[in-house]
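# Secondary and tertiary structure notes
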Amino acid sequence: MADLADYAEEAKEKGSWFLLNLTLPVGKMLVWFIRHFPGEAYATIGEIQRQANTKWGVPATDTLYVLRRDLSLGGKLTDEQRETYFALLEPHKSTD
């Protein structure tokens, strides 16, 4: 959350959540977490989505997009693995 917080206010002012970013070390740590503890990582990513929405009004789908995008830089997950994992995290239409 601290990584996202660095960019959240600017993104909110500019009206583009896609300005949110993760640093490379945080991205690598999250990839490791997904690879070794996928269930716990699932819950953690859900909590990141919830907190980003509560604190800054970021829609869950936009938070997920940013995480998916930035985790492509962390390596160790193939595109297929990343897309499959994040497809399971997509919020239902009624929750946005």
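Structural notes, computed from the coordinates. In this text the structure is predicted, and so the values were computed from the model without any measurement. (Residues numbered from 1 in each chain as written. Predicted model: local features only at pLDDT ≥ 70, side-chain atom pairs only at ≥ 80, totals over all residues. Heavy atoms only, no water.)

For any two helices packed against each other, the geometry comes down to the angle between their axes and how far apart the axes lie. Contact geometry for helix α3 (residues 38–56) and helix α4 (residues 60–71): axes closest at 9 Å, N-to-C directions at 125°. The pairing of α3 with α4 is recorded here as oblique in orientation. Along this stretch, α3 crosses α4, giving a crossing that reads as right-handed. Contacts from Ile45, Ile48, Gln49 and Ala52 in α3 reach Ala60, Thr63, Leu64 and Leu67 in α4. Broken down by class, the residue content of the contact of α3 with α4 amounts to six nonpolar, two polar and no charged. (Axes fitted to C-alpha atoms, helices over the stretch in contact; angles between N-to-C directions. Helix = DSSP H or I, 4+ residues; strand = E, 2+ residues; numbered from the N terminus. Parallel < 35°, antiparallel > 145°, perpendicular 65-115°, else oblique. Left-handed = near helix turned anticlockwise from the far one by under 90°. Contact = heavy atoms within 4.5 Å. Nonpolar A, V, L, I, M, F, W, Y, C, P; charged D, E, K, R; others polar.)

Once that is clear, we can look at the pattern of salt bridges. A complete count under the given rule lists five salt bridges for this structure. Ionic pairing is found between Asp70 and Arg69, a salt bridge with its closest N-O pair at 2.8 Å. Exposure remark for Asp70: the relative accessible area of 6% places this residue in the buried category. Residues joined in a network through salt bridges with shared partners are Arg68, Glu83 and Glu90. (Salt bridge = Lys/Arg side-chain N within 4 Å of Asp/Glu carboxyl O. Buried < 20%, exposed > 50% of the residue type's maximum accessible area, 1.4 Å probe, protein only.)

On to empty space enclosed by the protein. The tally for this structure, following the rule as stated, stands at one cavity of 30 Å³ or more. Here the largest cavity is characterised by a volume of approximately 30 Å³. Residue lining of the largest cavity: Leu22, Thr23, Leu24, Gly27, Lys28, Asp70 and Leu73, and that is the complete set. Per-element tally for the lining of the largest cavity: the top contributor is helix α2 (residues 24–36), with three residues. The residue inventory of the lining of the largest cavity, partitioned by class, reads three nonpolar, two polar and two charged. (1 Å grid on protein atoms, 1.4 Å probe; cavity = no way out; pocket = protein on both sides within 12 Å on 5 of 7 lines; lining within 4 Å. Points joined across faces, edges and corners; volume = space filled by probe spheres on them.)

On their own, these measurements won't tell you what the molecule is for.
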